[in-house]
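Examination of the molecular architecture
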Amino acid sequence: MKIAFLGLGTMGLPMAANLIKAGYQVQGWNRSAGPREKLASLGATTAETAAEAVRDADVVISILADDNATRSVVLEGNVLATLKPGAIHLNMATISVDLAVELAQLHRARNIGYLAAPVLGRVNVAEAGQLNILAAGDSALLAKVQPLLDVLGQKTWYLGARPEQANATKLAANFMIASAIGTMGEAVALVQGHEVNKADFIDLITSTLFAAPVYKGYGQAIASDTFEPAGFKLALGLKDVRLAQDAGERVNVPMAIAGTLRAAHVESLAHDEGHLDWAALARTAARRAGQL
């Protein structure tokens, strides 16, 4: 099985590396050369263009930053036009529901299999091959690529026959992460207003009521004011909150909390915090309380 891997960023590079370690033949592509060189040092072949990378591929895995990057590479970069009939495209990026629907239709018209499989987990989880994979699309196609997903993740959650169902689920999950960060930010501002040490509060809350990975991971960053290097940039969090709102509007689901979170993200960007880790969203509440 020949695999083309498009997008060797924070998540893509360790995922591609795990496939190489598992013995798969991987040809990688990334817009910048540095990640391509790193992958080549692990035994992969690399290509100068995305279209070149997918020319003989049986399976293409892409994990690109957003809708614009996905559209640029897959459509405008001639990836879809180059793929051989019968190939499978496994799109693991967090994209909009609208683009997921469009891509499924375009792939179907060219007799190319299309699956959506965005992931839950940060870079350390990707490195360990312990991602949770949210998959949707034709179940027969999924069965063909499941051995690859078993290398990349600890569990594949099948969510339905339409690829966009996986993307809607991922956006719902990321909306909940944003909600958790926003909630911790306001709660921390509250206790600090009463002269309670925020690290003590985070330790308390993540050891009792909210002993969950999202609260523990982001809570530790909030408690220590550690927002660089970013595991997931705040600007990308804003993108996902916006996409969650769009997905809600598509099916007439109002998302009032998402509107509040979107405003907080925009305020963070106005203070040049978009490059920081998503946990920096908590600074918005501190700023509003006069604590920054």
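From a predicted model like this one, the values you see are computed outputs, not experimental measurements.

Here the focus is the sheet that holds strand 9 (residues 153-158). Across the sheet, three strands lie side by side as 7-8-9; this open sheet has mixed pairing. Looking at which strands have only one partner, the edges of the open sheet turn out to be strand 7 (119-120) and strand 9. The strands touched by helix 9 (residues 164-193) are strand 7 and strand 8 (131-135); relative to strand 8, the strand with the most contacts, the crossing angle is about 135°.

Among the structural elements, F201 can be located in helix 10 (residues 198-207). Linking F201 and A187, residues 14 residues apart in sequence, is a C-alpha distance of 8.9 Å. Apart from residues no more than four positions distant in its own chain, F201 is found in contact with A187, V188 and V191.

This brings us to the sheet that holds strand 6 (residues 113-116). Overall, parallel pairing links the six strands, which are arranged 3-2-1-4-5-6 in an open sheet. The sheet is open, and its two borders are formed by strand 3 (45-46) and strand 6, each paired with just one other strand. Bridge analysis of strand 5 (residues 88-91) against strand 6 gives four bridges, and the strand direction is parallel. Residue pairing for strand 6: N91 is matched across the bridge by A116. Against the sheet, helix 2 (residues 33-41) makes contact with strand 2 (25-29) and strand 3, and its axis sits at roughly 165° relative to strand 2, the strand it touches most.

On to the pairing of strand 9, then. Looking at chain direction, strand 8 and strand 9 are connected through five bridges and run parallel. Bridge pairing links L131 to G153 in strand 9. Crossover strand 8 to strand 9 through helix 8 (residues 139-152) is right-handed.

Core analysis: the biggest nonpolar cluster contains 34 residues, and I181, Y218, I222 and W278 have the highest contact counts within it. Ranked by the residues each element gives to this core, the list is headed by helix 9, at nine residues. Those residues in contact with I181 that lie beyond four places of it in its chain are Y218, I222, W278, A279, L281 and A282. The next biggest cluster of nonpolar side chains, apart from the first, holds 31 residues, and it includes I133, L141, L142 and V145.

About the thresholds
- Residues numbered from 1 in each chain as written.
- Predicted model: local features only at pLDDT ≥ 70, side-chain atom pairs only at ≥ 80, totals over all residues.
- Heavy atoms only, no water.
- Pairing = 2+ DSSP bridges.
- Helix = DSSP H or I, 4+ residues; strand = E, 2+ residues; numbered from the N terminus.
- Contact = heavy atoms within 4.5 Å.
- Axes fitted to C-alpha atoms, helices over the stretch in contact; angles between N-to-C directions.
- Right-handed = clockwise from strand over helix to strand, strands pointing away.
- Core = buried A, V, L, I, M, F, W, Y, C linked by side-chain atoms within 4.5 Å.
- Buried < 20%, exposed > 50% of the residue type's maximum accessible area, 1.4 Å probe, protein only.

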